[in-house]
Amino acid sequence: MRFDIITVLPQLLESPFAHSILQRAQKKDLTAIHVHNLREYTSNKQKSVDDYPYGGGSGMVMQIEPFANCIDQLKAERDYDEIIYMTPDGQTLNQEIANGLIQHKNIMILCGHYKGIDQRIRDIYVTKEISIGDYVLSGGELPAAILVDAIVRLIPGVLSDETSALSDSFQDGLLDAPIYSRPVEWKGHKVPDILLSGHEAKIAEWRHEQQLQRTKERRPDLLND
Ligand code: ADE
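Here the structure is a predicted model, which means the values were calculated and not measured.

The rules behind these values
- Residues numbered from 1 in each chain as written.
- Predicted model: local features only at pLDDT ≥ 70, side-chain atom pairs only at ≥ 80, totals over all residues.
- Heavy atoms only, no water.
- Pairing = 2+ DSSP bridges.
- Helix = DSSP H or I, 4+ residues; strand = E, 2+ residues; numbered from the N terminus.
- Axes fitted to C-alpha atoms, helices over the stretch in contact; angles between N-to-C directions.
- Contact = heavy atoms within 4.5 Å.
- Right-handed = clockwise from strand over helix to strand, strands pointing away.
- Core = buried A, V, L, I, M, F, W, Y, C linked by side-chain atoms within 4.5 Å.
- Buried < 20%, exposed > 50% of the residue type's maximum accessible area, 1.4 Å probe, protein only.
- Domains from an automatic or database assignment.

**Focus on the sheet that holds strand β5 (residues 82-92)**
Stage number 1. Across the sheet, which stays open at both edges, the five strands sit in the order β2-β1-β6-β5-β7 with parallel pairing between neighbours. Only two strands of the sheet have a single partner each, and these edge strands are β2 (32-37) and β7 (128-131). Sheet twist, expressed as the mean angle between neighbouring strand axes with direction ignored, is 30°.
Stage number 2. The strands that helix α2 (residues 64-77) touches are β1 (2-7), β2, β5 and β6 (106-111); relative to β6, the one it contacts most, it runs at about 170°.

Here's what the structure looks like:
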C-alpha cells in the first residue's frame, strides 16, 4: 500500500514515519510513504503557495496551481483509489473508516494550511475529506500522520501479533478491557485474580464484561450505535 502526502512542511512528517511500527512496515515493504513538498510545484520565483481570498476576509488561501501540478504528476504515474483532503469539516475519522481504506493500493493525502485550500481543488480532485476531530489544528500534517498510522497498523504482517489489531479498542465497537503486567502486586495494588487463574474461557468472559462496563461508562454512544 502506497501513500503520497502533499504538504508545505515535509519536515513535519519525517519523525512520525521514522520510528516503531510505521518504520518497520516500510522496511518490510508492507507500505511505502512518500512525502512531496508542494513548494516544488510552484511556477513563481518566491515559491509561494498561498494568496488572498477573493471576496475579502481574514487568512490566506492555498492556491490551486501548485496542488494541481503535483496531483496531475502523481496521477500520471499511477491510479489513486482515494485523494483525501485532511480538514476539520470532513467526515470524522473512526475505526470503520480506517478499516475501509485498508483495501486500497494507492492513497494520496493533501495537507492544508492557513485558511484552507481553494475550493476548486476539492471539487476537481478530492474524493474524500477526513477530520480527526472537532477542533482546529495549524495544518493537515499531524492529521495525515494519524490517518496513515491508523491504516498501516491494520495491514496484515505489520503488527507482530496478527490478532492484536483485531483486538484493539473499537474493532468490535467496544473499548478495551483493562490490562496488567508484572508485578502481581505493587504498593498494595493487585492484579485481578481472574487474570492469574489460567482459565482462558473465564478470562475471556471477564474481559468482555469489562469492555461492556467501560464502554457503558465512558462511551455509551458506541453502544447505541
Ligand atoms: N486540519 C486542521 N484541523 C484539522 C482536523 N481537526 N482534522 C483534519 N485536518 C485538519
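**A word on the pairing of β2**
Stage number 1. Relative to β2, β1 is paired through six bridges, and the arrangement is parallel. Across the sheet, residue isoleucine 5 finds its bridge partner in β2, namely valine 35.
Stage number 2. Crossover β1 to β2 through helix α1 (residues 20-27) is right-handed.

**Description of the nonpolar core**
The nonpolar side chains of a soluble globular protein tend to be buried, and buried together.
Stage number 1. Judged by nonpolar contacts, the single largest core of 25 residues is most densely connected at Ile5, Ile109 and Leu147.
Stage number 2. Broken down by secondary-structure element, the contributors of at least two residues to this core are β1, α1, β5, α3 (95-101), β6 and α5 (141-152).
Stage number 3. For this core, the leading source of residues is α5, giving six residues.
Stage number 4. Setting aside residues no more than four positions away along its own chain, isoleucine 109 makes contact with Phe3, Asp4, Ile5, Ile6, Ile84, Met86, Ala144, Leu147 and Val148.
Stage number 5. Counting residues in hydrophobic clusters, the runner-up holds 20 residues, among them Tyr41, Cys70, Ile83 and Ile117.

**Here's the deal with the domain arrangement of the protein chain**
Stage number 1. For the protein chain, the assigned domains are domain 1 (2-152) and domain 2 (167-224).
Stage number 2. Relative placement of domain 1 and domain 2: their C-alpha centres are 37 Å apart.

**Structural notes on unusual backbone geometry**
Stage number 1. Note the cis peptide between arginine 182 and proline 183, where omega equals 0°.
Stage number 2. Within the secondary structure, proline 183 is located in the loop between α6 (163-166) and β8 (185-186).
Stage number 3. Notably, serine 20 is not glycine yet its phi reads approximately 55°, a positive angle.
Stage number 4. Positionally, serine 20 belongs in helix α1.
Stage number 5. In this structure, lysine 47 takes a positive phi of about 60° despite not being glycine.
Stage number 6. On the secondary structure map, lysine 47 appears in the loop between β2 and β3 (50-51).

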